[in-house]
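Chain residues, written in single-letter form:
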Amino acid sequence: MKPSNSFFSWRGQAIYWCAAVLLVLTAFPFIWMVSTSFKPLREIFVYPPYLIPKQFTLANLARLFEQTRFLTYFRNSLFVSFSAVVFTMILATAGAYSLTRFKYFGREKIASLILFTYMFAPIMIVIPFYVLIKKIGLANTHLALIMAYTAFCLPFALWLMKTFFQSIPLALEEAALTDGAGRIRAVIYVIFPLALPGIIATSIFTFILAWNDYIFVRILITSDELKTLSVGIADLYNATVIDWGMIMSGSMLITIPVLIFFVFIQRYLIAGWGAGAIKG
Amino acid sequence: MRLSPQKTGILLILPAVVLICGLLVYPVLYGAWLSLFSKHSFFPEQKFVGLYNYIYLAGDADFWRSLWYGIVYSVSTIVLQIVVGLIAALLVNETFRGRNLVRGILLFPYVIPTVVAIILWKWLLNNQFGLVNYFLLAIGVVDDPLNWMGKDHIMFSLIIISVWEFFPFVVLSVLARLQTIPPVLYEAAKVDGSGAWGRFFHVTLPQLRNVLFVVILLRSIWMFTKFDTVWLLTQGGGAEKYIRTLPVYAYMRTFMYYQAGLGSALAVIMFGFLIASTAIYFKMFRREEEI
């Protein structure tokens, strides 16, 4: 064990100050976003600026819901991201289970293929993907987006689930199998409960990846009513006059679901998955 | 009917492999094929031109400029991410009160949508009402508000924003590895009389070597091909041409000039970069094993 750092030692002081600086640098932009969201227009542009609104207002949020299609974008984002998570997780769980529990010809090749495609960036595939999607007549549909996200998240979800299944001892399954349970029963009653935290964590990563995406929506979706949040908000920003209060409250609302999910999986992140646990 | 274990295994992995091949590998190959055509992005007409797109790019000043911007952008953001990320990881590996909270908040910039990161920073760096300019003026670092989105500073702004957004990736990867370094190694170094710096250079850094290689590999690939952060920052500043990196150039060629063939050629070049980076990486690792 390392000695714990006392607040009153030189070392302790250095650590607390550095931590404080880092914390301010990472968290302050968010605090400023929240502050701006609740300020009335005249306070947003006041000089010198201050943090706590003198007059707390919900007018920015109200404008967001009344004047823009924010709710539609929100619903689209939820629908597309959840569908992508469902498809990705079904394929990734089955695939990862197969990679860790069965031996067959080409298994190592498949694992390398997954690792290689994990490194792909959207820009490498989005142009041919768009041409192909247009060819089969799926341009400007949510199905195209769901396909893109499922394909794009799959290598990474497979890899994560593989690490997760590897941490579940084979002996447990073998015990269940020798007790007379079939493979399916063994999976449902022994493996699934143990793999559940991994499935949840991987689902959340996939959700965040799909929720945050910009480029696929920008390219595959042209109708306003089919757009998701990223593109919706970006277009709001590109409107002629920037309504900072409204933009900030919109940004705040997009960030909230991500941060709530993130708090759930934080301990898995730090538990030692390390490189390969995330993408982007 | 009972399937043999081998068949069950193949059956379970098959859908994933089909999808990966159909929607990731095939598009890359199709893109390489498309890059040999002169093709309109929206209409089906296309004409085979062989390697003309690549020859055109070789003589295209915009291409070379975007390649150069891409290199400047990726090298500087990677170096800074590693430095900041390493320091932050070492810091949150120490024990102190509130450590878990700090660890969590440190990762926020990485998980929020890029659009939000860009909007937040555009507001902070706004030349009239931005907090950063206010702060710099107040402490007297500058006499006039800086135009962060203007042509002189936009690359700098882009680098700062990108480092802010992506350094948590380094923190996460390094922290996971730091936690697995056996404390015995530090004890031994202490007995041998190493100071704090000595322990860092002789124990921590060698232990982090492999993870740092992986991090550099992944970050190089993803920074060099980063589209959304760069593209969203270019919107509405008038200085977009000063941060037009390769991915942005590929996008513009395809969706603003409708030259899907040329855009594909640019995507192929980026894919070549991915291949080259992984090849170098594996070569280095193999050499290391031989020693």
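These numbers were taken from a predicted model, which means no experiment stands behind them.

What counts, and at which threshold
Residues numbered from 1 in each chain as written. Chains lettered and ligands numbered in written order. Predicted model: local features only at pLDDT ≥ 70, side-chain atom pairs only at ≥ 80, totals over all residues. Helix = DSSP H or I, 4+ residues; strand = E, 2+ residues; numbered from the N terminus. Contact = placed C-beta atoms within 7 Å. Nonpolar A, V, L, I, M, F, W, Y, C, P; charged D, E, K, R; others polar. Domains from an automatic or database assignment. Buried ≥ 20, exposed ≤ 12 C-beta atoms within 10 Å, placed from the backbone. Expected span 1.5 Å × (residues − 1). Bend = angle between axes of the 7 residues up to and from the residue. pLDDT = per-residue confidence, 0-100. Core = buried A, V, L, I, M, F, W, Y, C linked by C-beta atoms within 7 Å.

**Student:** Would you mind showing me how to read the overall build of chain A here?
**Tutor:** Assigned secondary structure in chain A consists of twelve helices and zero strands. Ordered by position in the sequence, the α and β elements of chain A form the string α-α-α-α-α-α-α-α-α-α-α-α. Considering only C-alpha atoms, chain A reaches an extent of 75 × 65 × 30 Å along its principal axes. Across chain A, the fraction of contacts at a sequence separation of at least 24, relative to all contacts at a separation of at least 6, is 74%.

**Student:** Explain the interface of chain B and chain A to me, please; I cannot follow it from the model alone.
**Tutor:** Interface size is commonly expressed as the accessible surface area that is lost when the partners come together. The interface is formed by 79 residues belonging to chain B together with 80 residues belonging to chain A. When residues of the side of chain B that touches chain A are assigned to their parent elements, the largest contribution, 20 residues, is made by helix H1 (residues 5–34) of chain B. Residues belonging to the side of chain B that touches chain A are distributed by class as follows: 58 nonpolar, 17 polar and four charged.

**Student:** Please explain the domain arrangement of chain A as it appears in this structure.
**Tutor:** All names here are of chain A. According to the domain assignment, chain A contains domain 1 (22–57) and domain 2 (62–273). The C-alpha centroid of domain 2 is placed 33 Å from the C-alpha centroid of domain 1. Of the residues lining the interface, seven residues belong to domain 1; the matching set on domain 2 comes to six residues. Looking at the side of domain 1 that touches domain 2, the elements that each hand over two or more residues are helix H1 (10–37) and helix H2 (41–44).

**Student:** Which parts of the structure should I look at to understand the environment of Phe164(A)?
**Tutor:** Residues and elements named next belong to chain A. Within the fold, Phe-164 resides in helix H7 (residues 142–166). Residue Phe-164 is classed as buried on the basis of its C-beta count, with 22 C-beta atoms lying within 10 Å. For the pair Phe-164 and Val-86, spaced 78 residues apart in the sequence, the C-alpha separation amounts to 18 Å. Discounting residues that sit within four places of it in the chain, Phe-164 has contacts with Ala-195 and Gly-198.

**Student:** Looking at this structure, I do not really get the environment of Ile112(B). What am I missing?
**Tutor:** Structurally, Ile112(B) is set in the loop between helix H5 (108–111) and helix H6 (114–124). Of the residues examined, Ile112(B) has 24 C-beta atoms within 10 Å and is grouped as buried. Between the alpha carbons of Ile112(B) and Glu165(B) there is a distance of 8.7 Å; along the sequence they are 53 residues apart. For Ile112(B), the residues in contact, after removing those within four places along its chain, are Thr255(A), Val258(A) and Ala117(B).

**Student:** Teacher, can you tell me more about helix H8 (residues 154–178) of chain B here?
**Tutor:** Count 3.6 residues to each turn of an α-helix, and residues three or four apart come out pointing the same way. The end-to-end C-alpha separation of H8(B) is 35 Å, in line with the 36 Å expected for 25 residues at 1.5 Å each. Along H8(B), the sharpest change in direction is near 35 degrees and occurs at Glu165(B); proline Pro168(B) comes one to four residues later.

**Student:** Would you explain the confidence of the model for chain B in this entry?
**Tutor:** Detail in the predicted coordinates should be disregarded across regions flagged by low pLDDT. Here chain B averages 91 in pLDDT, while 97% of its residues score no lower than 70. We note a pTM of 0.92 for the whole complex and an ipTM of 0.91 for its interfaces.

**Student:** Sorry, what's going on with the nonpolar core here?
**Tutor:** Inside soluble globular proteins, nonpolar side chains tend to come together where they are buried. Residue and element names in this part refer to chain A. Within the largest apolar cluster, 155 residues are counted, with the highest numbers of intra-cluster contacts made by Leu-145, Ala-148 and Leu-220. Here the element with the most residues in this core is H7; it accounts for 18 residues. Filtering out sequence-adjacent residues up to four positions away, Ala-148 remains in contact with Phe-129, Phe-216 and Leu-220.

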